[in-house]
Amino acid sequence: MTILDIRVLGDPVLRKPTKPVTEFTDELRRLIADMFETMYAAEGIGLAAPQVGISERVAVVDVEGRKYTLINPRIVSRDGASEKAEEGCLSIPDIYGDVERPAEVTIHALDENGNEYEASASELLGRCFQHEIDHLDGKLFIDYLSPLKRRAALAKWEKEKDDYPGNIRKVRTEVKGEHHHETEM
Ligand code: K1U
Ligand code: ZN
């Protein structure tokens, strides 16, 4: 398995509508395995194919061990009042913002073998489904922020984006026993 490079804000692939998957091949299953590995290495709870430069309707999710492969997913129902919670994005590192979304969604999707399934989810899993499906439609969480908060987020990103030449984020693999200390601010 391979840890893939993650595309960051500014890469046009993140804004391009994706193509539906039509063939369930070993190549597709390899991409899914690589996406899970990349997501775990980056310490995320989800990852969509455009984030690794592939413009296809594929995403992976693992929220507290609830693991899903989402192929050609669509939201079939939205329930409950909207809820606001903080989101981040592996393609916009170190930027966070509160996003209001429907409390519960039901999705219809295919798994890596082309089997159909439906899943209903609320809280972080429901939010993650919505965040990943947005990626497949070229949408990012910063699009939901108020103009003021969006401007602040983009100003912060302007200062950080030079750390990602070519709009590429190389995901470091943690060496066992290696310790990193966060810089306190
Ligand atoms: O698609 C992505 O960019 C992954 C993203 C998914 C996501 C995070 C938060 C809410 C909805 C969807 C991440 O995994 S960001 C990193 C993360 O693990 C995280 C950040 C904030 C809250 C919870 C988790
Ligand atoms: Zn994201």
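Quick notes on the rules
- Residues numbered from 1 in each chain as written.
- Chains lettered and ligands numbered in written order.
- Predicted model: local features only at pLDDT ≥ 70, side-chain atom pairs only at ≥ 80, totals over all residues.
- Heavy atoms only, no water.
- Donors = N, O, S within 2.8 Å, 3.2 Å for Na, K, Ca; no water.
- Tetrahedral: all angles 85-135°; square planar, octahedral: opposite > 155°, others 65-115°.
- Buried < 20%, exposed > 50% of the residue type's maximum accessible area, 1.4 Å probe, protein only.
- Core = buried A, V, L, I, M, F, W, Y, C linked by side-chain atoms within 4.5 Å.
- Helix = DSSP H or I, 4+ residues; strand = E, 2+ residues; numbered from the N terminus.
- Contact = heavy atoms within 4.5 Å.

Novice: Before we go on, may I ask you to explain the coordination of the zinc ion (ligand 2) in this structure?
Specialist: Ideal geometry at a metal centre: 109.5 degrees between donors when four sit tetrahedrally, and 90 or 180 degrees when six sit octahedrally. Donor atoms from the polypeptide that bind the zinc ion (ligand 2) are Cys89 (SG), His131 (NE2) and His135 (NE2), placed at 2.0 to 2.3 Å. Classification of the site at the zinc ion (ligand 2) rests on its four donor atoms, whose angles at the metal span 94 to 125°, yielding the label tetrahedral. For His131, a relative accessible area of 10% corresponds to the buried category.

Novice: Looking at this model, I keep getting lost on the nonpolar core. Mind explaining?
Specialist: One recurring pattern in soluble globular proteins: nonpolar side chains tend to sit buried together. Core analysis: the largest hydrophobic core is formed by 18 residues, its most contacted members being Ile32, Met35, Leu47, Val58 and Val60. Elements with a contribution of two residues or more to this core: helix H1 (26-41) and strand S3 (58-63). Of all the elements, H1 adds the most residues to this core, at six residues. Apart from residues lying up to four places away in sequence, Val58 is in contact with Val21, Leu28, Ile32, Met35, Ala48, Ala49, Leu70 and Leu136. Counting residues in hydrophobic clusters, the runner-up holds 16 residues, among them Ala48, Tyr117, Leu125 and Cys128.

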